[in-house]
Amino acid sequence: MSAREEFWSIYREALPILLVALGGGLFAGIVLEGMVGSVERFPGLFVMIPVFLATRGNVYGALGGRISSGLHQGLIEPTFERDERLVNAVAASFINGIGISVVIGVLTWLALLILGWEVAALYELVAIMLIAGVLTSVVLIFGLLALIFAGFESGYDPDNLVGPIVTTLGDIFGMLFMLFAIGLVEVLA
């Protein structure tokens, strides 16, 4: 395949998913707009949002890269059957995703406290991040696996799918589950 043919192949595969990602980003922005009122109840919330979304991309982008490499090398089959490599990669990503969510809540609280800014209670920020982190992690893991496996089976290069899938799922479900977590913490706190 020539360089030009390879370019157009990548472009054809990536463009549709990038358009879906654009729509997902807009939807996440709409959800964010709906959260503005919660900022008064939970000062520090807006500080956590970009960090939370970025870490979803980092943790699950790495998982997507491992899956993509495993598919290309024939080490992972595109099926939901027990595979030690896949189980280990998913478990590590899940633990990292949950752990970093808690760290985000703690570091946000500490940073705002040091700056002398108003900040919600530590347990509130950590609870919001933990709930949103767990729920988003579950959706990202299963969504990422399902979409990459389906794309691979349909002849798409998973390397072209991982980034847009992770960012779109992470933005949409990250914001939805953060909104859910805020509502839950408001009721319970």
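The written sequence of each chain sets the order in which its residues are numbered from 1. The predicted nature of this model means local features are confined to residues of pLDDT at least 70 and side-chain atom pairs, given and counted, to a pLDDT of 80 or more, with totals for whole chains, interfaces and linings taken over all residues. Water and hydrogen atoms play no part in the side-chain values, which are based on all heavy atoms of the structure.

- An unreviewed UniProt entry lists the protein chain under the name MgtE integral membrane region, with Natronococcus jeotgali DSM 18795 as the source organism.
- Database annotation for the protein chain, UniProt heading Subcellular location (unreviewed entry): "Membrane".
- UniProt positions are given in the numbering used here, feature names are shortened, and annotations may be inferred rather than shown by experiment. UniProt lists a comment for the protein chain under the heading Sequence similarities (unreviewed entry), and it reads "Belongs to the SLC41A transporter family."

1. So, the UniProt feature "domain: SLC41A/MgtE integral membrane" (unreviewed entry) in the protein chain
Okay, step 1: In the numbering adopted here, UniProt assigns the feature "domain: SLC41A/MgtE integral membrane" (unreviewed entry) to residues 49–180.
Okay, step 2: Strand forms 0% of residues 49–180 and helix 85%; the C-alpha atoms that close the span are 14 Å apart. Starting at the N terminus, helices and strands are each numbered in turn, a helix being any DSSP run of H or I of at least four residues and a strand any DSSP run of E of at least two.

2. Looking at the UniProt feature "transmembrane region" (unreviewed entry) in the protein chain
Okay, step 1: Following the UniProt record, one finds the feature "transmembrane region" (unreviewed entry) at residues 14–32, 44–65, 86–115, 121–149 and 161–185.
Okay, step 2: Taken end to end, residues 14–32 has its terminal C-alpha atoms 26 Å apart, with 100% of it in helix and 0% in strand.

3. Let's talk about the nonpolar core
Okay, step 1: Among the nonpolar cores identified, the biggest contains 23 residues, and M35, L45, I128 and M178 are the most heavily contacted of them.
Okay, step 2: Secondary-structure elements contributing two or more residues to this core are α1 (3–34), α3 (45–73), α4 (84–115), α5 (122–153) and α6 (158–188).
Okay, step 3: Take this core: its biggest share by element is six residues, from α6.
Okay, step 4: In this structure M35 touches L45, I49, M175, M178, L179 and I182, once residues within four positions along its chain are discounted.
Okay, step 5: Side-chain atoms within 4.5 Å are what join buried Ala, Val, Leu, Ile, Met, Phe, Trp, Tyr and Cys residues into a set we call a nonpolar core. When accessible area is computed with a 1.4 Å probe and restricted to protein chains, residues below 20% of their type maximum are described as buried, those above 50% as exposed, and intermediate ones as partly exposed. Counting 20 residues, the second largest nonpolar core, distinct from the first, contains L63, V90, L140 and L169. The contact criterion used is simple: two residues touch if any of their non-hydrogen atoms lie within 4.5 Å.

4. Observations regarding the packing of α1 against α6
Okay, step 1: All axes here are fitted lines through C-alpha atoms, helices being fitted over the stretch that makes contact, and every angle between N-to-C directions spans 0 to 180 degrees. At a closest axis distance of 9 Å, the pairing of α1 and α6 adopts a crossing angle of 15 degrees. Between α1 and α6, the angle falls in the class roughly parallel. Every pair of crossing elements has a handedness; the one defined by α1 and α6 is left-handed. Where α1 approaches α6, its residues I10, E13, A14, I17, L18, V20, A21, G24, F27, A28, V31 and L32 are matched on the opposing element by N160, L161, P164, I165, T168, D171, I172, M175, L176 and L179. In these notes the angle categories are as follows: under 35 degrees is roughly parallel, over 145 is roughly antiparallel, 65 to 115 is roughly perpendicular, and the rest is oblique. A clockwise turn of the near helix away from the far one marks a right-handed crossing, whereas an anticlockwise turn of less than a right angle marks a left-handed crossing.

5. Focus: α4
Okay, step 1: Each residue after the first adds 1.5 Å to the expected span of a helix. Taking 1.5 Å per residue, 32 residues should reach 46 Å; α4 reaches 46 Å between its end C-alpha atoms and fits that length.
Okay, step 2: Buried residues belonging to α4 abut α3 and α5.
Okay, step 3: N or O atoms within 3.5 Å of each other form a polar contact, as long as, within protein, one can give a hydrogen and the other can take it, and as long as residues adjacent in sequence are counted only when both atoms are side-chain atoms. Put simply, D83 is the residue that caps the front of α4, since its side-chain oxygen is 2.9 Å from the backbone nitrogen of R85.
Okay, step 4: Taken from the residues just after α4, G116 is the one with a positive phi, measuring 80 degrees.

6. What to know about the pattern of salt bridges
Between side chains of opposite charge, pairing is possible as soon as their charged atoms come close.
Okay, step 1: Here a salt bridge means any side-chain nitrogen of Lys or Arg lying within 4 Å of a carboxyl oxygen belonging to Asp or Glu. Summed over all chains, the structure comprises two salt bridges.
Okay, step 2: Note that R41 and E124 form a salt bridge whose closest N and O atoms lie 2.8 Å from each other. Of this pair, R41 sits in helix α2 (residues 36–41) while E124 sits in helix α5, and the two are 83 residues apart along the sequence.
Okay, step 3: We classify R41 as partly exposed; its relative accessible area is 34%.
Okay, step 4: Residue R82 is joined to E84 by a salt bridge in which the shortest nitrogen-to-oxygen separation is 3.2 Å.
Okay, step 5: You can call R82 exposed: its relative accessible area is 67%.

7. Quick look at the side chain of S101
Okay, step 1: Tracing the sequence through the fold places S101 in helix α4.
Okay, step 2: Among the residues examined, S101 registers a relative accessible area of 0% and is labelled buried.
Okay, step 3: For S101, the side chain forms a polar contact with the side chain of R56, separated by 2.9 Å.
Okay, step 4: In contact with S101, not counting residues within four places along its chain, are F52, R56, M129 and G133.

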